[in-house]
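Observations on chain architecture
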Amino acid sequence: MFSSIVPLARLNPFHAPQLQLQPQPESLTLRKRPAESVEPSCTRRSLAAASAEEEYSCEYGSLKFYALCGFGGVLSCGLTHTAVVPLDLVKCRIQVDPQKYKSIFNGFSVTLKEDGVRGLGKGWAPTFIGYSMQGLCKFGFYEVFKILYGNLLGEENAYLWRTSLYLAASASAEFFADIALAPMEAAKVRIQTQPGYANTLRQAAPKMYAEEGIWAFYKGVAPLWMRQIPYTMMKFACFERTVEALYKYVVPKPRSECSKAEQLVVTFVAGYIAGVFCAIVSHPADSVVSVLNKEKGSSALEVLKRLGFKGVWKGLFARIIMIGTLTALQWFIYDSVKVYFRLPRPPPPEMPESLKKKLGLSQ
C-alpha cells in the first residue's frame, strides 16, 4: 500500500522536493569540467534554443521585458475587471446587505428595478483605474521577483523549490499592487454599496477625503492584503504548476511543437482552474473589505466578528463565476500580449543537466 501512495504523492504539483542531493565523491569533484562553472541557467538555455526558431523583441529580464509585462498586466486586469463590474456590484451588495439582496439573480433583479440598466455600471471608473494600476504592479513585479529570487536560489534549487519560488514572487508583487489598488477600491465600494452617496468617482473621492482624510482611501489596505496576497499566491503558483501538468500529462505533444493558438488555449484552461481556487481562498477577506469600505469607523476585526463564519462566505457562488472567468481571461490576455510583442516566454521548467548528473539520471 505504501509503495502505491508514494508515486501518487510525487505527482501532486504542490509537493515538496522529493529529490535529495548527495555529496559527490572527491574524485568526481576534481574531474569537474571548468565549463560547468559558467554554465547559463536552465531558463536562459531554453530561451536560447527557442530563439533559433523565433526572433524575440528583447532580452529576458531586460527593462523593456519588464515594462511590456507591466503593460500586459494593465490590459489583463483593467479590462477584465471593468467588464465584470455588474457582477461585482451585485456581489458586493449581497455581502453588505444580504437581507435585501438574497442571491445573485435576486440581486440583479432588485438593482435593475431600482437603478435601471445604467445602475449596473456603477463604479466602472475606479474599477478600471484601480485594477489597471494593480495589474501593472502584479504582473510586472512578479516577473522581477521571479527572476531575482531564482538567481538568489541558483539554478538547481530554483527548479527543486519552484512552487515556493512562485509563491514568494507573487506575494511580494501583490504587496505593492494592493497599495496601488486601495484608493480606487475604497471609492468603488462606496459608490456601489451606499445608495445616494455618489454616482461617479469625481463625486466620491472629494467627499471621502472631506469626511475621513487620506485614511478613507487606505483603511482597507490591510484587509486587501489579507484578500489579495493569498489570492495572487494561488493564482500564480497554481497557474504555473497547472500549465506544467497539462503539458506533461494532457497535451499530446511538447510545448515547442504546439502552435501559438494551442499554447493560448492551455493558458486559458490553466487560468480558469487557478481562478476557482483563488476565489475560495480569498473570499472571506473580500467580504470583510466590502463591509469595511461601506462603514465609517469600523475595523477589520470588528467586521469579521460581526459577520461570523457563515457571513464571510456570502456571495461565494457569484465570486467563483466572476474570478474563474476573470483569471482565465487575465492569463489569456497577458500571454497574448507577450506573443504580440514577441517577448521571451520560457517553457515549463525542466530539470537542469547538472542536477541530472548529480542524481545519476543523465545518460
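As named in an unreviewed UniProt entry, the chain is Solute carrier family 25 member 3, taken from Salvator merianae. Annotation of the chain in UniProt includes, under Sequence similarities (unreviewed entry), the sentence "Belongs to the mitochondrial carrier (TC 2.A.29) family." Regarding the chain, the relevant UniProt record gives this comment under Subunit (unreviewed entry): "Interacts with PPIF; the interaction is impaired by CsA."

Remarks on the overall build of the chain
Scanning the chain for helices and strands turns up 16 helices and zero strands. Across the 363 residues of the chain, 47% fall into the buried class. Accessible area of the chain: about 18200 Å², with a carbon and sulfur share of 65%.

Considerations on the side chain of Arg93
With respect to the element layout, Arg93 can be found in helix α5 (residues 85–96). In this structure the side chain of Arg93 is engaged in a polar contact, spanning 2.7 Å, whose partner is the backbone oxygen of Gln192. Every residue in contact with Arg93, bar those within four places of it in the chain, is listed here: Pro98, Tyr101, Thr111, Asp115, Lys122, Gln192 and Thr193.

A look at the UniProt feature "transmembrane region" (unreviewed entry) in the chain
Mapped onto the present numbering, the UniProt feature "transmembrane region" (unreviewed entry) falls on residues 264–285 and 316–334. A distance of 31 Å separates the end C-alpha atoms of residues 264–285, which is 100% helix and 0% strand. A helix fraction of 100% and a strand fraction of 0% characterise residues 316–334, whose end C-alpha atoms lie 26 Å from each other.

A short note on the nonpolar core
Across soluble globular proteins, nonpolar side chains have a tendency to be buried as a group. Within the largest apolar cluster, 29 residues are counted, with the highest numbers of intra-cluster contacts made by Phe65, Phe139, Tyr142, Phe239, Tyr247, Trp331 and Leu343. Looking at this core, the elements with two or more residues in it are α4 (63–83), α7 (124–153), α9 (162–193), α12 (221–250), α13 (260–294) and α15 (316–340). It is α12 that contributes the most residues to this core, seven residues altogether. Those residues in contact with Phe139 that sit more than four places away from it in its chain are Cys69, Gly73, Ser76, Cys77, Lys235, Phe236, Trp331 and Tyr334. Counting residues in each nonpolar core, the second largest holds 15 residues, with Leu87, Ile94, Ile323 and Leu326 among its members.

Points about the pattern of salt bridges
Enumeration according to the criterion identifies 18 salt bridges in this entry. The shortest N-O distance in the salt bridge between Arg190 and Glu212 comes to 2.6 Å. Of this pair, Arg190 sits in helix α9 while Glu212 sits in helix α10 (residues 201–212), and the two are 22 residues apart along the sequence. Note on Glu212: relative accessible area 22%, which makes it partly exposed. The partner of Glu353 in a salt bridge is Lys356, and the shortest N-O contact between them spans 3.6 Å. Of the two residues, Glu353 and Lys356 both sit in helix α16 (residues 353–358), three residues apart, roughly one turn of that helix. Overall, the relative accessible area of 25% leaves Lys356 in the partly exposed class. Via salt bridges that share partners, Asp88, Lys91, Glu185, Lys188 and Arg227 belong to a single interconnected network.

What about the packing of α4 against α15?
Interaxial distance between α4 and α15 falls to 8 Å at its minimum, and their mutual angle equals 145°. Where α4 crosses over α15, the two elements pack in a sense that is right-handed. Taken together, the residues of α15 that come into contact with α4 (itself represented by Leu68, Cys69, Phe71, Gly72, Gly73, Leu75, Ser76, Cys77, Thr80 and His81) are Leu326, Leu329, Gln330, Ile333, Tyr334, Val337 and Lys338.

Regarding the packing of α12 against α15
Contact geometry for α12 and α15: axes closest at 12 Å, N-to-C directions at 55°. The angle between α12 and α15 falls in the class oblique. By crossing handedness, the relation of α12 to α15 is classed as right-handed. Touching Arg227, Tyr231, Lys235, Phe236 and Phe239 of α12 are Arg319, Ile323, Thr327, Gln330 and Trp331, all from α15. Taken together, the residues of the contact of α12 with α15 break down into five nonpolar, two polar and three charged.

Digging into the packing of aromatic side chains
Overall, the coordinates contain 19 aromatic pairs when judged by the stated rule. Judged by centre distance (4.1 Å) and plane angle (35°), the rings of Tyr142 and Phe236 are tilted. Separated by 94 residues along the polypeptide, Tyr142 in helix α7 and Phe236 in helix α12 bring together distant segments of the chain. In this pair, the class of Tyr142 matches that of Phe236, namely buried.

Parameters and conventions
Residues numbered from 1 in each chain as written. Predicted model: local features only at pLDDT ≥ 70, side-chain atom pairs only at ≥ 80, totals over all residues. Heavy atoms only, no water. UniProt positions renumbered as here; feature names shortened; annotations may be inferred. Helix = DSSP H or I, 4+ residues; strand = E, 2+ residues; numbered from the N terminus. Buried < 20%, exposed > 50% of the residue type's maximum accessible area, 1.4 Å probe, protein only. Areas by Shrake-Rupley, 256 points an atom, 1.4 Å probe, with all protein chains shown as cover. Polar contact = N/O pair within 3.5 Å; in protein donor to acceptor, adjacent residues only side chain to side chain. Contact = heavy atoms within 4.5 Å. Core = buried A, V, L, I, M, F, W, Y, C linked by side-chain atoms within 4.5 Å. Salt bridge = Lys/Arg side-chain N within 4 Å of Asp/Glu carboxyl O. Axes fitted to C-alpha atoms, helices over the stretch in contact; angles between N-to-C directions. Left-handed = near helix turned anticlockwise from the far one by under 90°. Parallel < 35°, antiparallel > 145°, perpendicular 65-115°, else oblique. Nonpolar A, V, L, I, M, F, W, Y, C, P; charged D, E, K, R; others polar. Phe/Tyr/Trp six-rings, centres within 6.5 Å; stacked < 30°, edge-to-face > 60°.

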